[in-house]
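Structure assessment
Now for the letters of each chain:
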Amino acid sequence: MAGQRTRGLRVAVVGGSIAGCAAALAAHRAGAENVTLYERAPGRLGERGMGVAVHGARYAELEAAGYLDAAMPWVQLRHRHWYVRDTACADPLGRRIARMDFPFRTYNWGSLWHELRDRLPAGTDVRSGTRVEAVTPAETGAEVRTEAGGERYDLVVGADGHRSVVRGAAFAEVRPRLAGYPAWRGAYPVERLADPERWPVGECAYVVFPGGHLIVYRIPAGPGDPTGSRVNWVFYTAPSTGLALPADPAATAGSPDERDRSAADTLSTAQRELLARVADALLPPYWAALLKETARDELAVQTLYDFTAPRYTAGPLLLLGDAATVARPHTGAGAVKALQDASALERALSSTPDLPRALHGYDSERAPTGRTMVDLGRRLGDALVARTPDWSALDQRGLEAWWQRADGSGAFGGKRLDGRQS
């Protein structure tokens with residue numbers, strides 16, 4: 001049972017995405033009755049339609065903890081097939097070099113956001129379209145300042161992404177580090193896919209080439225979308241392909257609480273045409289055609305960073321999700337880690353009425369996981385993009401041995417909620 005101290009806490013959550021909604025839910029469940037959620041974007045965010053993959057074991061833990069709902073639409077993946085381009089192979093999918101078990105569930109980002117947002121109690125003070133300009137620790141608590149003025153809270157949770165204004169107040173020296181290559185992303189209704197029977201529903205494809213790889217899997221349609229499942233793909237390439245975008249100067253300037261310009265309308269026609277040419281040159285025909293089927297408004301590019309804060313708490317400030325740690329998406333655990341952070345926050349606040357002790361417990365549990373995931377993301381980025389092997393020379397046994405070395409810690413898909421590897 002939460003004590004009187006927890007019930008009386010005034011909690012501010014900065015950032016209203018998946019991490020922010022989960023953090024606000026965690027605070028409520030721990031007993032806090034006064035929770036304010038700040039989100040700079042106006043309206044609801046559920047229209048985003050990209051995919052989220054959750055390892056089956058991590059799903060079981062998060063469902064038991066109350067942060068994933070079994071009724072939410074999902075697609076079960078069972079295997080991961082590895083393909084290479086081979087002109088001597090008649091199969092348009094390419095030559096398959098390996099098949100591995102891949103027990104992941106896939107979700108639509110918008111559905112997951114809606115699920116968490118709609119679970120917030122009616123008393124949650126949600127301030128959409130409100131940009132937090134500064135957070136200032138005080139003798140007791142911290143002040144959150146917006147254009148309308150400042151308000152004091154006992155606890156301020158930073159769930160505002162990799163350019164977090166809360167992290168800037170806690171650890172001004174921490175800057176996101178550019179990975180050196182982007183991730184191109186697309187998602188569209190599977191009905192537009194030519195010959196979909198060639199690619200079974202429960203299969204994830206890793207299509208590998210020198211200097212990068214393409215990942216493809218199906219996801220459910222989002223809320224209000226009358227179509228069925230969607231094709232979801234992510235394409236990583238080294239700068240040598242010519243697809244690397246210019247460095248984002250705001251990443252080193254540390255400008256607070258701004259989102260990457262990743263919408264399709266930020267991509268030039270020349271960049272989209274180059275993407276299509278690179279796909280034709282590097283991918284087997286089926287996967288190149290799948291990628292090129294993506295329409296302008298279904299295509300995005302993501303600048304990749306990695307970093308982790310030295311601690312997850314500083315006085316009355318607490319970091320969660322990408323505000324605390326950004327690991328490259330190769331880890332398959334971005335959304336998982338944010339939900340795990342929220343679950344840990346709930347347990348910490350519920351376990352003791354003493355706020356400093358609760359924050360210390362949260363930091364002790366989650367900061368080591370952040371370091372593990374950043375290390376894993378860098379190692380997988382090196383193995384899958386920067387220093388790729390001779391894929392065509394690998395067979396099932398060779399690729400399994402290569403993957404075991406690349407994964408290293410065994411944390412792919414996320415560490416267990418108790419902090420141990422799977």
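Values in this document were obtained by computation on a predicted structure and should not be read as measured data.

We now examine the nonpolar core. Proteins that are soluble and globular tend to have nonpolar side chains buried together. Of all hydrophobic cores here, the largest spans 108 residues; its most connected members are W82, V156 and L320. At eleven residues, the largest contribution of residues to this core is made by helix α10 (residues 355-386). Aside from chain neighbours lying at most four places away, what touches W82 is R95, R96, I97, A98, M100, Y206, V208, L384, W391, L399, W402 and W403. If you look at the next biggest cluster of nonpolar residues, it comprises 26 residues, including Y188, V216, V231 and F235.

Two elements in contact, helix α2 (residues 18-29) and helix α9 (residues 334-351), have axes whose closest approach is 8 Å; the angle formed by their N-to-C orientations is 20 degrees. Relative to α9, the element α2 is oriented roughly parallel. As α2 packs across α9, the resulting crossing turns out to be right-handed. For the pair α2 and α9, the contacting residues are I18, A19, A22, A23, A26, A27 and R29 in the first and A338, L339, A342, L345, E346, L349 and S350 in the second.

Summarizing the sequence annotation, UniProt attributes the feature "domain: FAD-binding" (unreviewed entry) to residues 297-375 in the numbering used throughout. Taken end to end, residues 297-375 has its terminal C-alpha atoms 33 Å apart, with 49% of it in helix and 22% in strand.

Under the criterion given, the structure shown has 21 salt bridges. Close ionic contact of E61 with R58 constitutes a salt bridge, the shortest N to O distance being 3.1 Å. Taken together, the positions of E61 and R58, both in helix α3 (residues 56-65) and three residues apart, correspond to about one turn of that helix. On the accessibility criterion, E61 (21% relative accessible area) is partly exposed. The partner of D91 in a salt bridge is R198, with the nearest N and O atoms 3.7 Å apart.

This part covers the sheet that holds strand β2 (residues 34-39). The strands making up a sheet associate through hydrogen bonds between their backbones, and the pairing can be parallel or antiparallel. A sheet is described by the order of its strands in space; here six strands give the open sequence β8-β2-β1-β12-β19-β18, paired in mixed fashion. Among the strands making up the open sheet, the edge pair consists of β8 (125-128) and β18 (313-314). Summarising the sheet, strand β1 (residues 10-14) and β2 pair through five bridges and their orientation is parallel. When the sheet's bridge partners are listed, V14 is paired in β2 with Y38. Against the sheet, α2 touches β1, β2 and β12 (155-158), its axis set at about 175 degrees to β2.

Glancing now at the packing of aromatic side chains. If you walk through the whole model with that rule in mind, you get 17 aromatic pairs. Between the aromatic rings of F102 and Y206, the centroid separation amounts to 6.4 Å while the plane-to-plane angle is 70 degrees, which identifies the pairing as edge-to-face. Of this pair, F102 sits in the loop between β6 (95-101) and β7 (104-108) while Y206 sits in strand β14 (residues 203-209), and the two are 104 residues apart along the sequence. Side by side, F102 and Y206 carry an identical accessibility label, which is buried. Here the aromatic rings of Y286 and W287 are separated by 5.0 Å at their centres, their planes lie at 80 degrees, and the arrangement is edge-to-face. Here Y286 matches W287 in class, with each residue buried. Site record: aromatic cluster; members linked through ring pairs are W82, F102, F104, Y206, W391, W402, W403 and F412. When the ring centre of Y59 is taken as origin, the NZ or CZ atom of R105, which lies over that ring, is 3.5 Å away. Looking at R105, its charged tip hangs above the ring of W74, at a distance of 3.4 Å from the centre.

Turning to the pairing of β1, a few remarks are in order. Of all five residues making up β1, four are buried, and the element is well covered by its neighbours. At this point the chain moves from β1, through α2, to the parallel β2, and the crossover so formed is right-handed. Across four bridges, β1 lies against β12 in parallel orientation. Across the sheet, V11 pairs through a bridge with L155, a residue of β12.

Mapped onto the fold, G370 is located in helix α10. When its relative accessible area of 0% is taken as the criterion, G370 is described as buried. G370 sits 33 residues away from K337 along the chain, and the two C-alpha atoms are 8.3 Å apart. Excluding residues that lie within four positions of it along the chain, G370 makes contacts with T308, Y312, T325 and K337.

Calculation notes
- Residues numbered from 1 in each chain as written.
- Predicted model: local features only at pLDDT ≥ 70, side-chain atom pairs only at ≥ 80, totals over all residues.
- Heavy atoms only, no water.
- Core = buried A, V, L, I, M, F, W, Y, C linked by side-chain atoms within 4.5 Å.
- Buried < 20%, exposed > 50% of the residue type's maximum accessible area, 1.4 Å probe, protein only.
- Helix = DSSP H or I, 4+ residues; strand = E, 2+ residues; numbered from the N terminus.
- Contact = heavy atoms within 4.5 Å.
- Axes fitted to C-alpha atoms, helices over the stretch in contact; angles between N-to-C directions.
- Parallel < 35°, antiparallel > 145°, perpendicular 65-115°, else oblique.
- Left-handed = near helix turned anticlockwise from the far one by under 90°.
- UniProt positions renumbered as here; feature names shortened; annotations may be inferred.
- Salt bridge = Lys/Arg side-chain N within 4 Å of Asp/Glu carboxyl O.
- Pairing = 2+ DSSP bridges.
- Phe/Tyr/Trp six-rings, centres within 6.5 Å; stacked < 30°, edge-to-face > 60°.
- Lys NZ or Arg CZ within 6 Å of the ring centre and 35° of its normal.
- Right-handed = clockwise from strand over helix to strand, strands pointing away.

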